[in-house]
Structures are given as C-alpha cells and as structure tokens.
Amino acid sequence: MVAKNIIQKFVLFLLFFIPFQGFSSDANKDKEEAFDPVSMIMHHISNSHEFHITDFQGKSISMPLPVILWTDNGLVTFMSSEFHHDNDGKVVVEKKGMKFARFHEVIHYTNPDGSLSFDKDGHVTNTRPLNFSITKNVFSMILVSILLLAIFIPMAKSYKKNPKAPKGMAGFLEPLVLFVRDDIAIPQIGEEKYARYMPYLLTIFFLIWFGNLFGLIPFFPFASTLTNDILFTGFLAIITFFVTVFSSNKNYWKHIFATPGVPFWLLPIMIPVEILGMFTKPFALMVRLFANITAGHIIILSLISLIFIFKTVWVSPVSIAFALFINVLELLVAALQAYVFTLLSALFIGQAVEEHHH
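Our subject in this report is the structure included herewith. (Residues numbered from 1 in each chain as written. Predicted model: local features only at pLDDT ≥ 70, side-chain atom pairs only at ≥ 80, totals over all residues. Heavy atoms only, no water.)

A few points about a nonpolar patch on the surface
Taken together, the side chains of Trp70, Leu75, Leu130 and Phe132 define a hydrophobic patch exposed on the protein surface, amounting to about 440 Å² of accessible area. Looking at the secondary structure, you find leucine 75 in strand β4 (residues 74–79). (Patch = residues over 30% accessible without salt bridge, like charges linked within 9 Å, V, L, I, M, F, W, Y side chains within 5 Å. Areas by Shrake-Rupley, 256 points an atom, 1.4 Å probe, with all protein chains shown as cover. Salt bridge = Lys/Arg side-chain N within 4 Å of Asp/Glu carboxyl O. Helix = DSSP H or I, 4+ residues; strand = E, 2+ residues; numbered from the N terminus.)

Here it is, written out as structure tokens:
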C-alpha cells in the first residue's frame, strides 16, 4: 500500500522541491533533518488510533477514533485527539483520576507526574489497561463487514425473487461464489460434506479479498489493510483450527495417534510430530497471509523512499515505475492470498472429515 501521506509528500516534492533543487545552499542542506526510511515505513504499516488524512501548512489533519479502555476504575472512553503534548513533551490524557500515555500506539498507565518508566532495554514498564479501542484496522474491518452485508444480503434476496439468471451485483459475484464451491470446497472436502462449510469459506474469502483491496486505496476511509495485522490473520487461523478440530472424526484422530503403516515402536516419535503438525498448520496460515501482504507494502514504501534518500530527480522515474509495478502486482496478490487461505482452510477441514477408505 502506498501510504496516503507519502503520496502527498511525493507530489509536493515533484511540484515544489525538484525545480529548485539545484539552487539550495549547503547551509540549508545541513539544516535538513536526515530522512529515516525505517521509522517512516514502520509508522505507515502499523496500526494507529487515528486516520491521518493529509498535511496542510505544516499541520497534520487526522480523523480521531474512539479510545475504549477498561481500567481499575471501570470503563473509560475518549477520542484519540485528546492525547496532547504538555509542556514537558509527554502525551497524556487524564480521566477518572488516572493518567494515560500513548507510546508507539500502545496505551499505558502513567506515573503520577504523567511520565512513563523504562527498563534498560527501552521497554515501558508501566501496566496497561484493557484496550478495546476502535483503531484503523478495527474501523476497516467494520467497514468491510458492513459492505459485505450490504452486498450479499440483497444478493440472497434476489435469488428468491428471481431463481433464474442473476442480475446486477449478483451476476458479477455468482461466478466467484461458484469458484469457491466448485474449485475449493468440493475438491477438498467432498460433495457430501462441503455445504455446511460454505458459509465460512465464502466469508473468509471475501473478507480477506475485500480487506486487501481496501488497503490498496491510498485515501480515507480506506488505506488500512486488515491482513497487515498479524492479530487479524492469527484470529482467522485460530477459527480455521477450531473448525477443523470440532469437525474431525475418528479417522482423523487415528492418523494422529496411530498413523497407518508406521511401526509400533515409531509411534512415540510420530505422535508428538503429528500433534505439533496440528498447530503448525494454522501458524503457517497466519504467517503466510501476514507476511505476503506486509512485504508488498514495505517494498512499495522502500521504493518511494529512494527519492528522499538520494534527493535527486533522476531516481524518481525508476522508483515510480517499480512502485507502480509492485502496486499492480499487489492487486493479484490480494486475490491470490484470499484464494490460498481459503484453499488451505478447506484442505485442513477436508482432512479432518475424510472417512476411512478400505
């Protein structure tokens, strides 16, 4: 994802800074702050408590999101815009006699003077309240969920009114639904049992696909990729794990605790390996989805950063060309990762429900 403010800064760079680049003095260059691509990239791929919309006249324009905390004194709510810098430079909010500080997008209780305590490694030692805030990723998940409901509920109703050829949005999405059914669910789970898992498979397919696509739109209310958060991908993987375990039959557990064709004396070795395999499968699902999407965003931001690192117009054509290529490639990756996650989920479920064949 080409982050929205990076695009805006890049456009401003082209319009204003490049024409006058050759006339800047060495003194002005010395005053310029060194560009830190690592911190910029990590900032733009991480979750946050507000949507950064643009920068205007040196000021950041953002849309704050609700902060919802369960504290020692009960529920505390406020908007993220209430975090402010006091005279000492600390970012604090005081509610119900308690002070909170936000450090690297993590909210902590502060000391009585509003400061935070750090250990020798630079980690905050203050305790944290339970955080149920609406962050960028949560906002995007709600938005994608509402959009999916707005699309598929009318689509389902349209089949009751017109059971023949679908029209409109139903006509566009029906091939995708049939693709999930005919090329993913039936081959992996079987014709007799696939139907009960279709709601879950369709949900994760379209949720991941739409979430990935929204992350490629570099302006509000989008610009936040669901699968760029390992907590989100991990939760989907956990659901797949539980669906697999609770759908499993005796044949599935027999393959784990008494693997066919394995000598009896090897079972003490094979059983731990098979049990470990139960947990490595959802772990692989989680990491694969998270890493592929995040890597694409990092590459794009890195290519754009080359312009600011070398501070020359001659780098921009190469950076823009490769960034656009990766961005277009991410359109394919957005759909591909939804397909792979759904396919592997169906495969794991199919292994759990497969009957013993004589």
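Considerations on the pattern of salt bridges
For the coordinates displayed, the defined rule picks out three salt bridges. Between glutamate 50 and arginine 102 there is a salt bridge; the shortest N-O distance is 3.0 Å. Of the two residues, glutamate 50 is situated in strand β1 (residues 50–56) and arginine 102 in strand β7 (residues 98–103); the sequence distance between them amounts to 52 residues. Exposure remark for glutamate 50: the relative accessible area of 18% places this residue in the buried category. When the shortest N-O distance is used, the salt bridge between glutamate 82 and lysine 95 registers 3.0 Å. One end of the pair, glutamate 82, is in the loop between β4 and β5 (84–85); the other, lysine 95, is in strand β6 (residues 91–95), and 13 residues separate them in sequence. We classify lysine 95 as partly exposed; its relative accessible area is 23%. (Buried < 20%, exposed > 50% of the residue type's maximum accessible area, 1.4 Å probe, protein only.)

A few points about the environment of glutamate 94
Among the structural elements, glutamate 94 can be located in strand β6. The exposed category is assigned to glutamate 94, whose relative accessible area is 55%. Note: C-alpha distance between glutamate 94 and threonine 110 (16 residues apart in sequence) is 9.6 Å.

Details of the packing of helix α8 (residues 250–257) against helix α9 (residues 267–310)
Where α8 meets α9, the closest approach of the two axes is 7 Å, and the angle between their N-to-C directions is 125 degrees. With respect to α9, the element α8 is oriented oblique. Together, Tyr252, Trp253, His255, Ile256 and Phe257 of α8 and Leu267, Ile271, Glu274, Ile275 and Met278 of α9 make up the contact between the two elements. Along the lines of polarity and charge, the residues of the contact of α8 with α9 split into eight nonpolar, one polar and one charged. (Axes fitted to C-alpha atoms, helices over the stretch in contact; angles between N-to-C directions. Parallel < 35°, antiparallel > 145°, perpendicular 65-115°, else oblique. Contact = heavy atoms within 4.5 Å. Nonpolar A, V, L, I, M, F, W, Y, C, P; charged D, E, K, R; others polar.)

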